[in-house]
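In case you want the letters, here they are:
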Amino acid sequence: MPPRGAPRGAPLGGIDQSDLDYNRYNETFFEVLFTGWILSASSSDKGREGDDDLHLNVLAAGATRQEILPYIKFMQMIMRKKPFLVKGLEATLCKLLRQLEFFDEEGKAKLAIATALVFNMKLGPLPEPVMQSLLDDAKVNKGTSLSFLVAFCKEYLSKDPIDELDMLFKRARLDNKMLNFFPQGKRTIDNFNSYFTESGLVALVDLNKKRFSDANLKTLEAELSAHIKEEGSVKEGLEITSAKIDELKLEIVDVIPVLWRCVMDSVQRSNKSSTQQQTHQSVLKLLRTWIKLFQIHCQSSRQELVLMNTIQVYLYQDTAILKLFPQIIKLMYDADVIDEDTIMLWHRKGSSPKGRQVFLSDMEPFIKWLQEASEEEESSDDE
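Residues numbered from 1 in each chain as written. Predicted model: local features only at pLDDT ≥ 70, side-chain atom pairs only at ≥ 80, totals over all residues. Heavy atoms only, no water.

**Notes on the overall build of the protein**
The line we're drawing: Secondary structure follows DSSP: runs of H or I at least 4 residues long count as helices, runs of E at least 2 residues long count as strands, and numbering of each begins at the N terminus. Partly exposed residues are those whose accessible area sits between 20% and 50% of the maximum for their type, while under 20% is buried and over 50% is exposed, using a 1.4 Å probe and protein chains only. Note that accessible areas follow from Shrake-Rupley with a 1.4 Å probe, and for residues the cover is restricted to the protein chains shown.
The helix and strand inventory of the protein stands at 18 helices and zero strands. Taking all 383 residues of the protein together, 48% fall into the buried category. Carbon together with sulfur atoms contributes 48% to the accessible area of the protein, which is approximately 20000 Å² in total.

Put into structure tokens, the structure is as follows:
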């Protein structure tokens with residue numbers, strides 16, 4: 001499909017066969033393809049008109065994916081033959097985004113769609129210099145950068161999943177700077193959530209919540225781990241945990257794996273000569289000491305199942321204590337941390353795929369004991 005207004009086979013279709021010196025006019029080529037003119041420092045020559053060929057560009061197309069896509073596909077075709085052009089494309093995108101204020105609202109929308117398509121189609125420019133070009137105070141304070149970001153995200157997510165967008169933001173070093181798109185006085189989580197929710201980007205709100213949650217969980221993990229390793233009291237450890245959960249608004253199901261790692265990473269494995277039995281004893285001793293941590297924060301079957309699978313995966317990754325799984329679960333069961341129903345659910349269908357058969361096999365004696373105890377209890381009730 002030729003770009004809008006272009007007869008089939010002309011004139012863009014023949015550019016790749018032309019004698020254009022791409023090495024010399026690398027950036028110029030993309031500037032004309034995006035805008036129809038050569039960009040200056042101020043874009044004061046924006047109004048050039050007269051040559052019909054100048055109207056074969058992204059800004060002359062309609063503000064839709066369908067109409068802009070042929071231009072991006074054309075860039076892709078040229079760049080497959082001349083990969084060195086990627087630097088020219090990157091420099092041009094940076095220049096366009098820095099000069100975003102010189103374009104009208106429709107032009108900004110077209111550039112947002114085109115930029116998203118460039119990354120959707122993986123044409124090769126680095127996300128960091130391109131996306132960071134939006135974060136200057138003038139554009140941020142006017143709301144220009146934020147509006148562009150919304151249009152960019154909507155277009156990008158129409159083709160690729162939120163995980164891909166998250167990876168793009170990480171490569172652009174924006175994953176922890178999303179609030180910087182807001183003016184200084186509005187850089188709050190509440191503003192972020194309400195703005196992007198109203199803009200129809202709930203997926204971005206959820207992504208950012210997870211990102212902040214992960215950062216807050218690391219804060220809890222660092223503080224609690226340090227406390228346990230310094231052999232601080234259980235009471236103070238519980239206070240640290242409860243305070244951080246309230247202060248950082250953490251979800252308990254997300255906290256449980258952190259609690260487990262904090263305790264287990266504090267197990268003393270002083271030297272290579274330690275026997276497996278000594279290691280197992282150290283693990284069980286520390287768990288008994290800190291069992292209150294799990295008693296308080298495992299209050300539902302879902303939380304208990306999360307704990308069981310956290311233990312399973314952790315032990316699967318540490319073969320020195322892999323065979324300790326039944327003893328740990330028995331300890332948790334005896335301390336009323338994990339209920340019988342949760343253990344049976346885990347056994348039937350709730351276990352992690354990691355080492356599943358090994359753990360199910362190791363748990364068979366304990367499962368059998370639970371079943372027999374349950375049958376005896378039912379028989380006793382009948383009598």
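**Topic: helix H1 (residues 26–35)**
Three or four residues apart is the spacing at which side chains of an α-helix point the same way, because the helix has 3.6 residues per turn. Stated precisely, the cut-off is as follows: By definition in these notes, contact holds between two residues if any of their heavy atoms fall within 4.5 Å.
Among the ten residues in H1, seven count as buried, and that is most of the element. All buried positions along H1 are accounted for by Asn26, Phe29, Phe30, Glu31, Leu33, Phe34 and Thr35. Looking at the buried side of H1, the elements it contacts are helix H2 (65–81), helix H3 (86–98) and helix H4 (105–120). Phi turns positive one or two residues past the end of H1, at Gly36, with a value near 90°.

**Remarks on the confidence of the model for the protein**
Quick reminder of the rule: What pLDDT conveys is the predictor's confidence in a given residue, as a value from 0 to 100.
Confidence in the prediction for the protein averages 87 pLDDT; 87% of positions are at 70 or higher. When pLDDT is averaged over each helix and strand of the protein, the minimum, 85, is found for helix H18 (residues 356–382) and the maximum, 97, for helix H5 (residues 127–132). Between residues 1–11, whose pLDDT stays under 50, and residues either more than four places distant or in other chains, the model counts 19 contacts. Counting contacts from residues 41–53, a segment whose pLDDT is below 50, to residues more than four positions away or on other chains yields 13 contacts.

**Looking at the side chain of Ser352**
As for its placement among the helices and strands, Ser352 is situated in the loop between helix H17 (340–350) and H18. Judged by its relative accessible area of 11%, Ser352 is buried. The contacts of Ser352, once residues within four sequence positions are left out, are Asn309, Gln312, Val313 and Trp346.

**Quick word on the packing of helix H7 (residues 144–157) against helix H8 (residues 162–171)**
Where we set the bar: Axes, fitted as lines to C-alpha atoms, cover a helix only where it is in contact. Angles between the N-to-C directions of the axes lie from 0 to 180 degrees. An angle counts as roughly parallel when it lies under 35 degrees, as roughly antiparallel when it exceeds 145, as roughly perpendicular when it falls between 65 and 115, and as oblique in every other case. For any pair of crossing helices, the crossing counts as left-handed if the nearer helix is rotated counterclockwise from the farther one by less than a right angle, and right-handed if it is rotated clockwise. The nonpolar class holds Ala, Val, Leu, Ile, Met, Phe, Trp, Tyr, Cys and Pro. Asp, Glu, Lys and Arg form the charged class, and all remaining residues, Gly among them, are polar.
Following both chains from N to C, one finds H7 and H8 inclined at 135°, their axes separated by 9 Å at the closest point. Relative to H8, the element H7 is oriented oblique. Judged by the sense of rotation from one axis to the other, the crossing of H7 with H8 is right-handed. Seen from H7, the contacting residues are Leu149, Phe152, Cys153, Tyr156 and Leu157; seen from H8, they are Ile162, Glu164, Leu165, Leu168 and Phe169. Across the contact of H7 with H8, the residue classes tally to nine nonpolar, no polar and one charged.

**Remarks on H4**
Basically, it comes down to this: What a helix should span is 1.5 Å times the count of its residues minus one.
Relative to the 22 Å expected for 16 residues at 1.5 Å per residue, H4 spans 22 Å between its end C-alpha atoms, a close match to the ideal helical length. In the segment just after H4, Lys122 is the residue with positive phi, at about 55°.

**Re the pattern of salt bridges**
Under the convention used in this document: Salt bridge, as applied in this entry: a Lys or Arg side-chain nitrogen positioned within 4 Å of an Asp or Glu carboxyl oxygen.
Inspection of the entire model under this criterion finds 16 salt bridges. Across the pair Glu90 and Lys87 runs a salt bridge whose closest N-O atoms are separated by 4.0 Å. One end of the pair, Glu90, and the other, Lys87, are both in helix H3, three residues apart, so they sit about a helical turn from each other. Taking relative accessible area as the criterion, Glu90 reaches 11% and is therefore assigned buried. Here Asp136 and Lys139 are joined by a salt bridge, their closest N and O atoms 2.1 Å apart. The network of salt bridges with common partners includes Glu27, Glu31 and Lys95.

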